[in-house]
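Below, each chain spelled out in residue letters.
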Amino acid sequence: MKKGRIFSGMQPSGKFHLGNYLGALENWVRLQHDYECFFCIVDWHALTSSYEDTRRLPEHIHDMALDWLSGGLDPEKNVIFVQSHVKEHAELHLLLSMITPLSWLERVPTYKDKLQQLGAQGKEINTYGFLGYPELMTADIILYKADTVPVGEDQLPHLELCREIVRRFNHLYGEVFPEPQAKLSQAPLLPGIDGRKMSKSYGNEIPFAASPEDLRARVRLMVTDPQRVKKTDPGNPDVCTVHTFHKIFSRDELDEIVMSCRNAAIGCVDCKKRLAERMVSALADIHVRRAELEANPGRVREILAYGAERARQVAAATMEEVRQVMHLS
Ligand code: ADP
């Protein structure tokens, strides 16, 4: 017996990184055993902030499918699909846009923040689509009548808005949609190699698909305790990015690593080498699975087509109901 139905999506940016894996995908891999899951590559969402040049979108979608499948999502257990393959997302988005006051969208805290942030990078995103991002997200979730949505803290206002839209719809036309609940991710934020939050916008990421050589090179660049200038200086692991990664990848020898750092028995170069080898072996199976899938792009296309077919069945049934209660059928 499943605990409920989950919907979750990610934008295909072509830059899936280790933070995305440890902060989101790994959690999905766990959830797939207990919930009925719809995992969606949300390509229309990617257009809300990057619409000028869409030429690489197919490549990015394919890459994201590789990331998810090699990371451990099972295409039989879950419905894995691409948003734009299921046109019902657009129809429901349109209908919801009729009942959503503009002020609800404008007051979402991430809206103004991102508008400013991306505007400063020279992006023109004062658009209808960008404002409507959480509206589209609402359509995505409720199209499958998902009752559970795994989110990070920053996504909570979006989910609150989704619930408000659901209440309004149900009040106007009848009880069609459940109010989805947030399932907060426990994963702490992973830092990038410069110590700030790992993010594609900062260019400090370790790509999830990084080869062993690439992984070693990125780890070599990681910032360490700035007070530790010479190898003989004692280090402070609490302020060291390498240590944050050791906590994840070297749990069984952490005490020894911490001590060796504090009493300067190990230098940062060697400490990084140890980490890099730990990471290479932890990610080895994922690399093998990725290489297999890369060698067979037809298989990935088949998986996405199969997912879209299954998603479409659920989406079509929901839209039948929506059209009926809105007297559109
Ligand atoms: P980015 O910050 O690189 O743009 P996204 O906003 O596309 O990443 O995030 C996609 C998913 O990955 C979200 O669920 C987010 O919470 C998670 N995530 C992103 N960066 C990190 C990080 N540094 N540590 C943990 N989780 C992260």
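All of these numbers come straight from a predicted model, not from anything done at the bench.

Definitions and limits used
- Residues numbered from 1 in each chain as written.
- Predicted model: local features only at pLDDT ≥ 70, side-chain atom pairs only at ≥ 80, totals over all residues.
- Heavy atoms only, no water.
- Near = heavy atom within 4 Å.
- Polar contact = N/O pair within 3.5 Å; in protein donor to acceptor, adjacent residues only side chain to side chain.
- Areas by Shrake-Rupley, 256 points an atom, 1.4 Å probe, with all protein chains shown as cover.
- Nonpolar A, V, L, I, M, F, W, Y, C, P; charged D, E, K, R; others polar.
- Helix = DSSP H or I, 4+ residues; strand = E, 2+ residues; numbered from the N terminus.
- Buried < 20%, exposed > 50% of the residue type's maximum accessible area, 1.4 Å probe, protein only.
- Expected span 1.5 Å × (residues − 1).
- Phe/Tyr/Trp six-rings, centres within 6.5 Å; stacked < 30°, edge-to-face > 60°.
- Core = buried A, V, L, I, M, F, W, Y, C linked by side-chain atoms within 4.5 Å.
- Domains from an automatic or database assignment.
- Contact = heavy atoms within 4.5 Å.
- UniProt positions renumbered as here; feature names shortened; annotations may be inferred.

What about the site of the ligand?
What surrounds the ligand is the set H17, G19, N20, G23, A24, P188, L189, L190, K197, M198, S199 and K200. Here an oxygen atom of the ligand sits 3.0 Å away from a polar atom, N or O, in the side chain of K197. When the free accessible area of the ligand is taken as 540 Å², the share hidden by the protein chains comes to 76%. Across the shell around the ligand, the residue classes tally to 5 nonpolar, 5 polar and 2 charged.

Some points on unusual backbone geometry
Positive phi, normally seen in glycine, also occurs at K145, with a value near 50°. By the secondary structure assignment, K145 is in the loop between α8 (133–143) and β4 (148–151). K145 gets classed as partly exposed once you look at its relative accessible area, which sits at 25%. Although it is not a glycine, A264 adopts a positive phi angle of roughly 60°. For A264, the position within the fold is in the loop between α12 (254–262) and α13 (268–282).

Quick notes on helix α15 (residues 297–325)
For an α-helix, the turn length of 3.6 residues means that residues three or four places apart are oriented alike. Along its 29 residues, α15 runs 42 Å from first to last C-alpha, staying within 8% of the 42 Å computed at 1.5 Å per residue. For α15, the full list of buried residues reads V300, I303, L304, G307, A308, A311, A315, T318, M319 and V322. Residue H327 follows α15 closely and has a positive phi angle near 60°.

Some details on the packing of aromatic side chains
Within the structure shown, the criterion is met by 10 aromatic pairs. Taking the centre distance of 5.8 Å and the plane angle of 5° together, the rings of F7 and Y144 count as stacked. Taken together, the residues span a long stretch of sequence, with F7 in strand β1 (residues 5–10) and Y144 in the loop between α8 and β4 at a distance of 137 residues. Judged by relative accessible area, which is 0%, Y144 ranks as buried.

Section: the nonpolar core
Counting residues in each nonpolar core, the largest one holds 51 residues, and the members touching the most others are L18, W68, I206, F245 and M279. When residues of this core are assigned to domains, at least three fall in each of domain 1 (5–190 + 297–325) and domain 2 (212–285). Look past the residues within four positions of I206 in its chain and what remains in contact with it is H17, L18, I193, M198, L215, R218, M222, F245 and M279. Among the nonpolar cores identified, the runner-up in size contains 42 residues, and I99, A146, V149 and V322 belong to it.

Remarks on the domain arrangement of the protein chain
What the domain assignment lists for the protein chain is domain 1 (5–190 + 297–325) and domain 2 (212–285). On a C-alpha basis, the centroid separation for the pair domain 1 and domain 2 is 36 Å.

With respect to the UniProt feature "binding site: L-tryptophan" (unreviewed entry) in the protein chain
Following the UniProt record, the feature "binding site: L-tryptophan" (unreviewed entry) maps to D140 here. On the secondary structure map, D140 appears in helix α8. Residues within four places of D140 in sequence aside, it is in contact with F7, V42, H45, Q83 and H89. Side chain to side chain, D140 and Q83 meet in a polar contact 3.0 Å long.

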